[in-house]
There are 2 protein chains.
Amino acid sequence: MSRIDVQQKVLAANSAVAEALRASFRTSGTLVVNVISSPGSGKTTLLEVTARALKSRLRLGGLDGDIATERDAERLRRAGIPARQILTGGACHLDARQVGKALGEEGEGLAGLDVLFIENVGNLICPTSYDLGEDFKVVLLSVAEGDDKPFKYPAIFARAAVTVITKTDLLPHVDFDLSAVREQVAALNPAGRFLVTSARTGEGMESWYALVEEELAAKRARTEMAVAP
Amino acid sequence: MSRIDVQQKVLAANSAVAEALRASFRTSGTLVVNVISSPGSGKTTLLEVTARALKSRLRLGGLDGDIATERDAERLRRAGIPARQILTGGACHLDARQVGKALGEEGEGLAGLDVLFIENVGNLICPTSYDLGEDFKVVLLSVAEGDDKPFKYPAIFARAAVTVITKTDLLPHVDFDLSAVREQVAALNPAGRFLVTSARTGEGMESWYALVEEELAAKRARTEMAVAP
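Owing to the predicted nature of the structure, the values given are computational and were not obtained by experimental measurement.

What counts as what
- Residues numbered from 1 in each chain as written.
- Chains lettered and ligands numbered in written order.
- Predicted model: local features only at pLDDT ≥ 70, side-chain atom pairs only at ≥ 80, totals over all residues.
- Heavy atoms only, no water.
- Helix = DSSP H or I, 4+ residues; strand = E, 2+ residues; numbered from the N terminus.
- Expected span 1.5 Å × (residues − 1).
- Buried < 20%, exposed > 50% of the residue type's maximum accessible area, 1.4 Å probe, protein only.
- Core = buried A, V, L, I, M, F, W, Y, C linked by side-chain atoms within 4.5 Å.
- Contact = heavy atoms within 4.5 Å.
- Least-squares fit on C-alpha atoms with pLDDT ≥ 70 in both.
- Arc of directions from axis to C-beta.
- Pairing = 2+ DSSP bridges.
- Axes fitted to C-alpha atoms, helices over the stretch in contact; angles between N-to-C directions.
- Buried area = accessible area lost by both parts, 1.4 Å probe.
- Salt bridge = Lys/Arg side-chain N within 4 Å of Asp/Glu carboxyl O.
- Polar contact = N/O pair within 3.5 Å; in protein donor to acceptor, adjacent residues only side chain to side chain.
- Nonpolar A, V, L, I, M, F, W, Y, C, P; charged D, E, K, R; others polar.
- Phe/Tyr/Trp six-rings, centres within 6.5 Å; stacked < 30°, edge-to-face > 60°.
- Right-handed = clockwise from strand over helix to strand, strands pointing away.
- Disulfide = S-S within 2.5 Å.

## Some details on helix 2 (residues 43-54) of chain A
Part 1 of the reasoning: With 12 residues, helix 2 of chain A extends 16 Å from end C-alpha to end C-alpha; this agrees with the ideal 16 Å at 1.5 Å per step.
Part 2 of the reasoning: Among all positions in helix 2 of chain A, only K43, T44, L46, L47, E48, T50, A51 and L54 of chain A are buried.

## Regarding the nonpolar core
Part 1 of the reasoning: By size, the foremost hydrophobic cluster in this structure holds 48 residues, and its most contacted members are F157 of chain A together with F157 of chain B.
Part 2 of the reasoning: When residues no more than four places from it in sequence are discounted, the contact partners of F157 of chain A are L124, V139, L141, K149, P150, T163, V185, L188 and N189 of chain A.

## What about the relation of the copies chain A and chain B?
Part 1 of the reasoning: Rotating chain A by 180° about the axis while translating it 0.0 Å along that axis superimposes it on chain B, leaving an RMSD of 0.0 Å. Such a combination of rotation and displacement between the chain copies is what one expects of a two-fold axis.
Part 2 of the reasoning: Both copies present the same face, since 100% of the interface residues in chain A are matched by interface residues at the equivalent positions in chain B.

## Some details on helix 3 (residues 71-78) of chain A
Part 1 of the reasoning: The complete set of buried residues in helix 3 of chain A reads D72, A73, R75 and L76 of chain A. End-on view of helix 3 of chain A: buried residues confined to an arc of 155°, all on one side of the axis.
Part 2 of the reasoning: Elements that come into contact with the buried residues of helix 3 of chain A comprise helix 2, strand 2 (60-66), strand 3 (83-87) and strand 4 (115-119) of chain A together with helix 5 (149-152) of chain B.
Part 3 of the reasoning: A positive backbone phi angle near 100° is found at G80 of chain A, which sits one or two residues after helix 3 of chain A.

## A few points about the sheet that holds strand 5 (residues 136-142) of chain A
Each strand in a sheet pairs with its neighbour through backbone hydrogen bonds, running either in the same direction (parallel) or in the opposite one (antiparallel).
Residue and element names in this part refer to chain A.
Part 1 of the reasoning: Ordered in space as 3-2-4-1-5-6-7, the 7 strands form an open sheet in which the pairing is parallel. Across the chains shown, the open sheet's two edge strands, defined by having one partner strand only, are strand 3 and strand 7 (193-196). For this sheet, the mean angle separating the axes of adjacent strands, direction not counted, is 20°.
Part 2 of the reasoning: Strands in contact with helix 3 are strand 2, strand 3 and strand 4; relative to strand 3, the strand with the most contacts, it is inclined by about 175°.
Part 3 of the reasoning: Sheet contacts for helix 7 (residues 178-188): strand 5, strand 6 (162-166) and strand 7; angle to strand 7, the most-contacted strand, approximately 160°.

## Topic: the interface of chain A and chain B
Part 1 of the reasoning: At the interface, 38 residues of chain A touch 38 residues of chain B.
Part 2 of the reasoning: A combined buried area of about 3,000 Å² lies between chain A and chain B, and 56% of that area is made up of carbon and sulfur atoms.
Part 3 of the reasoning: If you sort the residues of chain A by the area they bury against chain B, R3, P39 and K152 of chain A come out on top, with a joint share of 20%.
Part 4 of the reasoning: Linking chain A with chain B are 8 salt bridges.
Part 5 of the reasoning: The shortest N-O distance in the salt bridge between D72 of chain A and K152 of chain B comes to 2.7 Å.
Part 6 of the reasoning: Across the chain A-chain B interface, the total number found is 14 residue pairs in polar contact (both at pLDDT 80 or more).
Part 7 of the reasoning: Mapped by element, the contributors of at least two residues to the side of chain A that touches chain B are helix 1 (3-28), helix 3 and helix 5 (149-152) of chain A.
Part 8 of the reasoning: Tallied by class, residues from the side of chain A that touches chain B come to 17 nonpolar, 8 polar and 13 charged.

## A closer look at the packing of aromatic side chains
All names here are of chain A.
Part 1 of the reasoning: Scanning the model with the defined rule gives 2 aromatic pairs over all chains in all.
Part 2 of the reasoning: Between F117 and W208, the ring centres sit 6.4 Å apart and the planes meet at 35°, which makes this aromatic pair tilted. Note that F117 is positioned in strand 4 and W208 in helix 8 (residues 205-227), a separation of 91 residues in sequence.
Part 3 of the reasoning: Given the relative accessible area of 1%, F117 is considered buried.

## Here's the deal with the pairing of strand 3 of chain A
Residues and elements named next belong to chain A.
Part 1 of the reasoning: A large share of strand 3 lies buried, amounting to 4 of its 5 residues.
Part 2 of the reasoning: Across 5 bridges, the pairing between strand 2 and strand 3 is parallel. Its bridge partner lying in strand 3, L63 is registered against R84.
Part 3 of the reasoning: In this fold, the crossover linking strand 2 to strand 3 by way of helix 3 has right-handed handedness.

## Re the state of the cysteines
Residue and element names in this part refer to chain A.
Part 1 of the reasoning: Taken as a whole and judged by the stated rule, the model has 2 disulfides over all chains.
Part 2 of the reasoning: The disulfide partner of C92 is C126, and the gap between their sulfur atoms is 2.3 Å. Of note, the bridge from C92 to C126 carries an S-S torsion of about -100° and is left-handed in sense. Residue C92 is found in the loop between strand 3 and helix 4 (96-104), and its partner C126 is found in the loop between strand 4 and strand 5; the two are separated by 34 residues along the sequence. One exposure class covers both C92 and C126, and it is buried.

## With respect to the sheet that holds strand 1 (residues 31-36) of chain B
Residues and elements named next belong to chain B.
Part 1 of the reasoning: Ordered by their spatial adjacency, 7 strands build an open sheet running 3-2-4-1-5-6-7, and the pairing between neighbours is parallel. This sheet does not close on itself; its edge strands, each paired only once, are strand 3 (83-87) and strand 7 (193-196). In this sheet, adjacent strand axes meet at a mean angle of 20° when their direction is disregarded.
Part 2 of the reasoning: When strand 1 meets strand 4 (residues 115-119), the two strands line up parallel, connected through 5 bridges. Residue pairing for strand 4: N34 is matched across the bridge by I118.
Part 3 of the reasoning: Packed on one face of the sheet, helix 4 (residues 96-104) meets strand 2 (60-66), strand 3 and strand 4 and runs near 140° to strand 3.

In structure tokens form, the structure reads like this:
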């Protein structure tokens, strides 16, 4: 069996587990968001700020994928929401089996959520191919990373329903052509949403919160239609 | 054959090709540096500035790994050194076979170099395991990425002979504890070198150039000892 055959078999097995997770999230009415970016683009910071802003009106939780350390889940717990770390044992992405296992364990407070944020391993490439049963993927790009990244890593920008530009407070100090990035993402993903944010100044955060709440309401409406007589 | 068996077989095959490349670089006296980081840490910028500074006294060349676009090799050619792009077809790292194939192609001006810089695919995880026949690995970390990264991605910081902190011109605008990062890297890699740089201000660049020239001189001295009667 060649390397590519093994890879296709692994992805097919992952998809089957992801579909079972998706069915379970449909039943529970939980919106699931798979958050992907390079290391250091601000995934945990976005989720910390979101937790503090929305936890009084929504039941939020987090799963944090990493190679090593429990640090990210600790940060989300300090921000006031239940969170669990998944250590991938060196793997460059989360898979659906790991998500199912983490959710199946008792005592984590991750049942009955309105929104589950899955913070993937810091990586723009590997997580792209692994369905985790999410409603949609979000890709983050910090303005410190340079304005050529969507065309250099096209798969994730094409597949993520939402692109979130982060750290715009650094724009005066870096070379980053925001309109060029917007055009690259529009070319790769014409239907995608594009948000421009700074967790530090609060720029764009209300749009992000509104998007999460709209997507949750839309999911709940679809579920009700599906069970209506 | 399990996924792990396939992975071990792939790595063993890669190592055999890498050792053949290493023997060929020993014969040609070419210092080979495998440059690894997240997307947007400043690999291409470091190599552009290095090319402009050293090309008058050293024969330099570049191989640039990416998922998509020829952009990085074009940037190095504009900086005045021969460079070739390797598109990995979606793979999250370069492998030794790709390097050998790119070097074997005619007309690229990549023969008889003093120093070959291999700019790996933007990724802190996958490139760690793939030997490219290099003399040493360099890992870059930009101060915009946060000061928790060595412990979160320990394998590359443990294996890279040199850690280069980049974009220190942004230090006044970000939360980044440089001494904490230095301690993390020292714990993971006590023998490693640690450089603090900004391509924009020039901070630390002379130390980087000196390191490259010292390593080249040391390789040449070892080669001469090996062939002495």
